[in-house]
Amino acid sequence: MVRRVLGWSFVAEFVPLYPFYALLFADTGLDDGQISALLALWSATAVLAEVPCGALADRWSRRGALVLAGVLQAAAYAVWLVAPGFPGFAGGLVVWGVGGALVSGAFEALLHDGLAAAGADGQFGRVYGWVNAVDLLVQVPTALVAAALFAAGGYAAVGWASIGTCLAGSVLAASFPEAPRGTDDDADDDGSGWWGTLRSGAAEAAGRPVVRAAVLLVVLLGGVDAVEEYFPLLARDWGVPDPLNPLAVLGIPVAGAAGAALGGRAASWPPRAVAAALGTAGVALVAASLVAVPAGLAAVAAGYALYRLVLVVAETRLQEAITGPARATVTSVAGVGVELAALAVFASYAVGGLALLAAAVLVLAAELPRLIRSGTGT
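Analysis parameters
- Residues numbered from 1 in each chain as written.
- Predicted model: local features only at pLDDT ≥ 70, side-chain atom pairs only at ≥ 80, totals over all residues.
- Heavy atoms only, no water.
- Disulfide = S-S within 2.5 Å.
- Buried < 20%, exposed > 50% of the residue type's maximum accessible area, 1.4 Å probe, protein only.
- Patch = residues over 30% accessible without salt bridge, like charges linked within 9 Å, V, L, I, M, F, W, Y side chains within 5 Å.
- Areas by Shrake-Rupley, 256 points an atom, 1.4 Å probe, with all protein chains shown as cover.
- Salt bridge = Lys/Arg side-chain N within 4 Å of Asp/Glu carboxyl O.
- Helix = DSSP H or I, 4+ residues; strand = E, 2+ residues; numbered from the N terminus.
- Core = buried A, V, L, I, M, F, W, Y, C linked by side-chain atoms within 4.5 Å.
- Contact = heavy atoms within 4.5 Å.
- Polar contact = N/O pair within 3.5 Å; in protein donor to acceptor, adjacent residues only side chain to side chain.
- pLDDT = per-residue confidence, 0-100.

## A closer look at the state of the cysteines
Right, on to step 1. Applying the stated rule across the entire model yields zero disulfides.
Right, on to step 2. No disulfide involves C53; its sulfur sits 16 Å from the nearest other cysteine sulfur, which is in C166.
Right, on to step 3. Residue classification places C53 among the buried positions, given a relative accessible area of 10%.
Right, on to step 4. A relative accessible area of 3% means that C166 is categorised as buried.

## Description of a nonpolar patch on the surface
Right, on to step 1. Together, L56, W60, L68, V71, L167, W194 and W195 give the surface a local cluster of nonpolar side chains, amounting to about 650 Å² of exposed area.
Right, on to step 2. When residues of the nonpolar patch are traced back to their parent elements, those giving at least two are α4 (62–82) and α9 (194–207).
Right, on to step 3. On the secondary structure map, L68 appears in helix α4.

## Focus: the nonpolar core
Right, on to step 1. Among the nonpolar cores identified, the biggest contains 115 residues, and F25, W80, L221, L278, L354 and L368 are the most heavily contacted of them.
Right, on to step 2. At 18 residues, helix α17 (residues 327–375) tops the list of elements feeding residues into this core.
Right, on to step 3. Sequence-distant contacts of L278, that is, excluding residues within four places in its chain, are made with L221, Y307, V310, V361, L364, A365 and L368.

## Description of the side chain of E204
Right, on to step 1. For E204, the position within the fold is in helix α9.
Right, on to step 2. E204 sits in the buried class, given a relative accessible area of 9%.
Right, on to step 3. Here the side chain of E204 touches T323 through a polar contact of 2.9 Å, landing on its backbone nitrogen.
Right, on to step 4. At a separation of 3.2 Å, a polar atom in the side chain of E204 contacts the main-chain amide nitrogen of G324.
Right, on to step 5. When near neighbours in sequence (up to four residues on either side) are disregarded, E204 contacts V211, A321, I322, T323, G324 and V330.

## Brief notes about the confidence of the model for the protein
Right, on to step 1. A residue-level look at the protein finds 96% of positions with pLDDT of 70 or above and a mean pLDDT of 87.
Right, on to step 2. Taken element by element, the protein is modelled with least confidence in helix α8 (residues 185–189), mean pLDDT 47, and with most confidence in α4, mean pLDDT 95.

## Brief notes about the environment of F14
Right, on to step 1. Take F14: it is sitting in the loop between α1 (2–13) and α2 (21–27).
Right, on to step 2. The spacing of F14 and D225 is 211 residues in sequence and 19 Å in space, taken between C-alpha atoms.
Right, on to step 3. Setting aside residues no more than four positions away along its own chain, F14 makes contact with V138, P141, T142, V145 and T165.

Shown next as structure tokens:
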């Protein structure tokens, strides 16, 4: 199962449009405020769809949710290509937002329960860290292919190639084994079905202190990852020419992959060590924002590596805390919080750029030991 999941992660994230879509928005005539509004709409869609999609995955099929997600993402890009402009971009992001909501809870639940069925439930953090590393490392060949496609055929070539890779990811997801799992008997008895699953997951997320604390930890850390949407714009603002933009930011996902791959081991670190890693990430981002030159991307990469390590720790603690049958739903509750936190990141970036976000990371690092201790019940 692990090799199949890693292969799917590679294909699903091998989307040449990723390094270019923020630039596509800008080159179509949108300003920074409109781009931030689009990204906020994307997150708002996920907020509305996240928990319902998680409950759908628990009641229907987590594998099926992943298949449908790839189809919706491909459809979103088709809308962009057919109707470029603010309305078309907005419509595509709504469709993509629903697809993303289908993935977030379903994937982690499918992976956790699949490992548990194979007698390897204690390996979730290690494997999940590898998946995160693949998701980031794939950006290297993606950037190279994206640059070649853009040079050959502009945004149209990049977009249609991305549609193909999204559909290929759906085909691979259809081959995943799906472990048998328990059902919510109360929901079945009263005929509430999907609605009962949704309530069960929300109740576990909010009602069990250990799960609630783990959800909060994921929410606060996960929202910070919205900064990756601005990496191409940072490179442009700091003097990197557009044709070199995808290559200039390659070091950021590579460093992030290294951090994520170590996240499984870091799950056993004491809370203060995890907090120190996040604090160091904040300092690196502050330094990058002060120099504001292409070389500052190296500091962004270092900070991002440490941040991704800490994020894997948080995600692992959440999956370890969940015990009920609505695992995808509980994970999706955390996903809602992440999207709300992402809205705050978009707003703060629009107001204060990278410097303000770095300051928020330092504040979070100071609070991290208390949050981790709460999440372990100590």
